[in-house]
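Below are the chains, spelled out letter by letter.
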Amino acid sequence: MALDRFGRRIHYLRISLTDHCNLRCVYCMPEDMTFRPPAEMLQDDEILFLVRLFASLGFDKIRLTGGEPTVRAHVVDLVREIAATPGVKSLSMTTNGVLLHKLARPLKAAGLQRVNVSLDTLDPVRYHKLTRWGNLQQVWEGILAAEEAGLTPIKINAVVVRGYNEVDIVDLARLTYEHDWQVRFIEMMPLGGITDFQRSQVVSTAEMLARLEAVYGAVEPLNGGELDGEARLYRLPGARGTLGFIASVTLPFCASCTRARLTADGRLRLCLLREKEVDLLTPLRNGATWEEMRQLIVTSIWEKPWGHGLAEGEVATNRVMSEIGG
Ligand code: SAM
Ligand code: SF4
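- The name that an unreviewed UniProt entry assigns to the protein chain is GTP 3',8-cyclase, with the source organism given as Thermanaerothrix daxensis.
- Per UniProt, the comment on the protein chain under Pathway (unreviewed entry) is "Cofactor biosynthesis; molybdopterin biosynthesis."
- Quoted verbatim from the Sequence similarities (unreviewed entry) heading of the UniProt record, the comment on the protein chain is "Belongs to the radical SAM superfamily. MoaA family."

## Details of the UniProt feature "binding site: [4Fe-4S] cluster 1" (unreviewed entry) in the protein chain
Item 1. The sites that carry the UniProt feature "binding site: [4Fe-4S] cluster 1" (unreviewed entry) are, in the present numbering, Cys21, Cys25 and Cys28.
Item 2. Within the secondary structure layout, Cys21 lies in the loop between β1 (12-16) and α1 (44-56).
Item 3. For Cys21, a relative accessible area of 17% gives the class buried.
Item 4. Mapped onto the fold, Cys25 is located in the loop between β1 and α1.

## Some thoughts on the pattern of salt bridges
Item 1. The tally for this structure, following the rule as stated, stands at 16 salt bridges.
Item 2. Note that Arg211 and Glu207 form a salt bridge whose closest N and O atoms lie 3.2 Å from each other. Placement of the pair is Arg211 and Glu207 together in helix α7 (residues 205-216), with a separation of four residues, close to one helical turn.
Item 3. By relative accessible area, which is 30% here, Arg211 ends up partly exposed.
Item 4. A relative accessible area of 23% means that Glu207 is categorised as partly exposed.
Item 5. The salt bridge partner of Arg259 is Glu230, with a shortest N-O separation of 2.9 Å. Of this pair, Arg259 sits in strand β11 (residues 259-262) while Glu230 sits in the loop between β8 (227-228) and β9 (231-235); the two residues are 29 residues apart in sequence, bridging distant segments of the chain. The two residues Arg259 and Glu230 agree in class, both being buried.
Item 6. Bridged by salt links that share partners, the residues Asp123, Arg126 and Asp168 form one connected network.

## A closer look at the pairing of strand β10 (residues 242-246)
Item 1. Of all five residues in β10, five are buried; the element is thus mostly enclosed.
Item 2. Here β10 shows two buried faces, one formed by Thr242, Gly244 and Ile246 and the other by Leu243 and Phe245.
Item 3. Pairing analysis gives three bridges linking β9 to β10, with the strands arranged antiparallel. Along β10, the bridge assignment pairs Arg232 with Phe245.
Item 4. If you look at the hairpin formed by β9 and β10, you'll find six residues sitting between the two strands, and Gly238 has a positive phi there, around 75 degrees.

Calculation notes
- Residues numbered from 1 in each chain as written.
- Chains lettered and ligands numbered in written order.
- Predicted model: local features only at pLDDT ≥ 70, side-chain atom pairs only at ≥ 80, totals over all residues.
- Heavy atoms only, no water.
- UniProt positions renumbered as here; feature names shortened; annotations may be inferred.
- Helix = DSSP H or I, 4+ residues; strand = E, 2+ residues; numbered from the N terminus.
- Buried < 20%, exposed > 50% of the residue type's maximum accessible area, 1.4 Å probe, protein only.
- Salt bridge = Lys/Arg side-chain N within 4 Å of Asp/Glu carboxyl O.
- Pairing = 2+ DSSP bridges.

Have a look at this one:
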């Protein structure tokens, strides 16, 4: 079991399968983003070794992310191997949905259980503006294909950015009347120096809730108002699906954090918003034994930080979001 010095049990691993992406969302990376050479990335066998090692330490929940995980070569084979790893109970993916229309079925057959699909607006023009390259219709077809394939419950992730899509939360929330989905609104994390976004463009969860209640009336808190993972859940009056709010900036959820992140270049990132990382790739390639790698991971997790200063404008600048996986 992997514990940190604050007594948190860390058992959720988010693996960035690649830093590459087929979109260029404005809040995530610059349009002229440069990517790392393939040799600097974790290879398939290295990912599978680390998954076995983390699973042996009690990591039972794995999420594949990126960059865009579906653009990684052999992603279906990797999913099959990870799903079959003893100890892995939950395997999900966060994706922009662009390739789901053709990958949803094979991914499900390989053992993927669920997907979160990123969709920030239902307006095709604004979708294109936010993602720079995206086509809304293609993603919509991907979401329906995921549902059809049984990658459920479907969760939709919308990052809310002032001046871009704060008005769109009303239409996105309405999806929960028609579909048994969870529509999650994420406070944009301004990663200073990397994208142009600033603290002033963060839309707080409180403001989002007020905007929705002005249209739909009082929303009902679920789960006794307690966090469900990183989200606070609500339901619109009479809706089939639920709403989730991820208030990383205004209400950090460090006390209930159970996560560690593996970057595409093999670094163990202990907090999304702190620069501290531990290089796992170099010792792995230098022939470290299973026991040595295990010890390195256990001691690194012990040092997992607590708290970030986003609300005060303190930001980690060593990586963009696509390199960490969100
Ligand atoms: N490409 C996939 C996708 O977009 O779903 C997976 C990787 S993406 C980095 C993971 C999540 O991080 C997405 O839901 C994305 O919207 C979110 N994200 C990216 N940049 C963000 C930012 N600056 N603040 C908050 N969330 C962000
Ligand atoms: Fe790509 Fe996801 Fe980042 Fe958008 S949020 S640029 S889809 S990695």
